[in-house]
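The primary structure of each chain is shown beneath.
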Amino acid sequence: MAEGVRLDGSSGGHTMDKSITLPPDEIFRNLANAKRFAIDIGGSLTKLAYYSTVQHKVAKVRSFDHATKEASSDKLYEISVQEEVTPRLHFIKFENAYIETCLDFIKDHLVNTETKDIKATGGGAHKFKELIERKLGLKVDKEDEMTCLIKGCNFVLKNIPHEAFVYAKHADSEFRFQTTQPDIFPYLLVNIGSGVSIVKVESEDNFERIGGSSIGGGTFWGLGALLTKTKRFDELLQLASKGQHTSVDMLVKDIYGGSYASLGLTGDLIASSFGKSATADREFSKEDMSKSLLHMISNDIGQLACLYAKLHNLSRVYFGGFFIRGHPVTMHTITYSINFFTKASSSHAGEVQALFLRHEGYLGAIGAFLKGAEKDNPNQYSWGENYAGSSGLMSVSPDMNPMQRARSGTFDMLEMDRLERQLVNLPLLLDPSSYVPDTVDLTEDASAREYWLYCFEEALDGVVKRAVASQPDTQEAAERAEKFSQKYRHKLQTLRHQPFAYGSLTVRSLLDTREHCLNEFNFPDPYSKIKQKENDGALKYYLKAVKALEQLDWKERQFALVRGLLAGNVFDWGAKAVSDVLESDPEFGFEEAKQQLEERPWLVDTFEQWLERLKGPPHKCALFFVDNSGVDIILGVMPFVRELLFRGTEVVLASNSGPALNDVTNGELQILTERLAAMDPVIETGLRDERLTLVQSGSSSPCLDLSRLDKELAMVVRERQTDLVIIEGMGRAIHTNYYAMFSCESLKMAVIKNAWLADRLGGKLFSVVFKYEVPSEKPSQPSAALTRS
């Protein structure tokens, strides 16, 4: 795209090649269904927001009515692929040089819109008002800039995990992402545009500008242009990133010959910005002057922010505005300044944190959009970032990857899908504010990152094959699968160079990105037919398995139940070691899986403590996060659930709301449980007396984020006074939640079905993790094996 831009030397600004073709499927996606627009026009960038409805395919299951003796009634349920409509938010950021061509493009591709006006904010809204009204035929309705910024900031902090990050230039991982806070208020927003506004935000609608400064981004740009004759803002930053400020700035050691120990000032500290330029009889380089100027302004803003944060007793300070723009050199100087002044004024170093936002450039556009969408109550829903349609946070340094920087400076995108349900924290988390779902952060662990990126790339051909096979009657399935493959491979390449593009890189985010890309090309459930076949097969053995368990004495039965649950968990199509066996050996079954399991003592083994606990009074209610279809849920989980019910414990089974790999979905589990109830009076009574309850988790991932669960599930957990959490499976209990701490007892069970991970944990393939914990115990620390880099 950047090749469509040329520099016009006479004017020093951008002009645009009118013949440029903007691919609608790449940038302005789904414009045909656009319903509402908002625009935020700054000094150099335009941010466009619009709402559309996206049609996509979903796989639904429906129980056969066996009374009608349908031809296919030997199967448990039928699978149908249906069209569903989902609201989506699109945010596109581009340079103002493109605005006219972009507006033409939007006008040409708008098929039908009920919108009569466009919400606008930002300093340029007035300047381009006439152009927008003429091009789009919409009335421009201007919104207050600060109100829009705050609304936008609240929205991203609530809906995008890993939105906020600390920037540490010299650390192994320069971006350190913050976990989603249960309560985002209060906080300080320091918006650095032409000047600086400092706003204290106390609630959704309660905020106040408590200070500011006329020395901001405009000052850097204006003085920089005078000093260097460079008119472009990004060019100034490029110069600053290469400069040495010490040739221009006067340091403490230049005055005192070293540090000023009695005042706690180090020799390298800037005593006077531009201090040497008054006396030195020589020219200074553009790079050095730009760096000095950037330091001067950043330090001033940092000190101001720090003082206001201290004054109002706030520790979270978010920085935004065009001055930031994700530029590493800017984020570093502001972070340094905040850290310095925090330490200078307090014995608690790091008390005030400088936080930056992945999508800070969109805050105004998001806020303006929300102002225009209030009748739809967007804040009543939870929203999720669609990784398939978002371009992600860009590269560390402008000069490291100039083509990437040029492209990201031209266009970048964010897409968010409205979720069917509101997502909240699991009430049983011991400390929701410190909860981190993921066990290993691949942005910080280079060897783990390299392995898992390789692993997902290696598995891609198999996923494509499975996707095509799941739609045998659709002619263009192979073509769509190839497009999926290209898109996901490109995402993996991006993450190899920019692991922080979508926040902390984890096995969970790699899996979720793959699911998003599959959905993008209408493969809603590639494993649906496999799941159906395995569910049908496992049901035939259920009564036999239950009868065999009933023959055992109590102690033997408890062990057999756990062993059966672990054996069931082996059946995971997401693990290559298992899928290879399942593909090549159709006879591989429940008994064979038991033989594969590690003998006790297991890799992590607290079975004796669990057994001792079972001799005591029954739990009131167990919340069980289940994993795979087929053998896992029917022959592993259900007999275990049956025993809990028999003991007098209520059970809540939480399963995925949407499909991921061969995980059982809530729709499938409803049908399976009904069928089991018809065979088994214990299950039947549990359902009838509402002592066995099925709920959706709100997730469509093979992993589990306990800070984003269905609100209804949280209500059930509270009402039932749940005192036991059971998490099953490698994705839910190893890749995520291995160190999750609960306010009640918990049981985490998984079989390690990946040789690399088993080796890192100090075990071997099919090693067992059986982790029973009670809240009064001291939490187990992350093992060196899991966290080493």
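An unreviewed UniProt entry lists the protein under the name 4'-phosphopantetheine phosphatase, with Takifugu flavidus as the source organism. Recorded under Subcellular location (unreviewed entry), the UniProt text for the protein is reproduced unchanged: "Cytoplasm". Under the UniProt heading Subunit (unreviewed entry), the entry covering the protein gives this text: "Homodimer. Interacts with PKM."

Asker: Please give an account of unusual backbone geometry that cites residues and values.
Answerer: Between F185 and the following residue, P186, the backbone shows a cis peptide bond with an omega angle of -10°. Looking along the chain, the bond that leaves R600 and enters P601 is cis, with omega of 0°. Within the fold, P601 resides in the loop between α20 (590–596) and β20 (604–605). Backbone geometry at N30 places phi at a positive 60°, although glycine is not the residue there.

Asker: Can you tell me about the side chain of T736, naming the residues and giving the values?
Answerer: Examined against the element boundaries, T736 turns out to sit in the loop between α26 (730–735) and β26 (745–751). Apart from the residues within four sequence positions on either side, T736 is in contact with P437, D438, T439, R508, C703, L704 and G731.

Asker: Kindly report on the pairing of strand β16 (residues 353–357), identifying the contributing residues and their values.
Answerer: The buried fraction of β16 is high, at four of five residues. Where strand β8 (residues 164–167) and β16 come together, two bridges link them in antiparallel fashion. Considered in β16, the bridge of A164 is made with L357.

Asker: So what's going on with the pairing of strand β12 (residues 207–213)? Residues and values would help.
Answerer: Relative to β12, strand β11 (residues 196–201) runs antiparallel, the two sharing six bridges. Within β12, the residue paired with V199 across the bridge is R209. Counting the residues that bridge the hairpin from β11 to β12 gives five residues.

Asker: Hey, could you go over the side chain of D632 for me, with residue numbers and the actual values?
Answerer: Relative to the helices and strands, D632 resides in helix α22 (residues 631–647). Look at D632: it is buried, it has no salt bridge, and the nearest opposite charge is K753 at 6.4 Å. Filtering out sequence-adjacent residues up to four positions away, D632 remains in contact with L565, G568, N569, D627, V637 and E728.

What counts and how
- Residues numbered from 1 in each chain as written.
- Predicted model: local features only at pLDDT ≥ 70, side-chain atom pairs only at ≥ 80, totals over all residues.
- Heavy atoms only, no water.
- UniProt positions renumbered as here; feature names shortened; annotations may be inferred.
- Helix = DSSP H or I, 4+ residues; strand = E, 2+ residues; numbered from the N terminus.
- Contact = heavy atoms within 4.5 Å.
- Buried < 20%, exposed > 50% of the residue type's maximum accessible area, 1.4 Å probe, protein only.
- Pairing = 2+ DSSP bridges.
- Lys, Arg positive; Asp, Glu negative; His and termini not counted.
- Salt bridge = Lys/Arg side-chain N within 4 Å of Asp/Glu carboxyl O.

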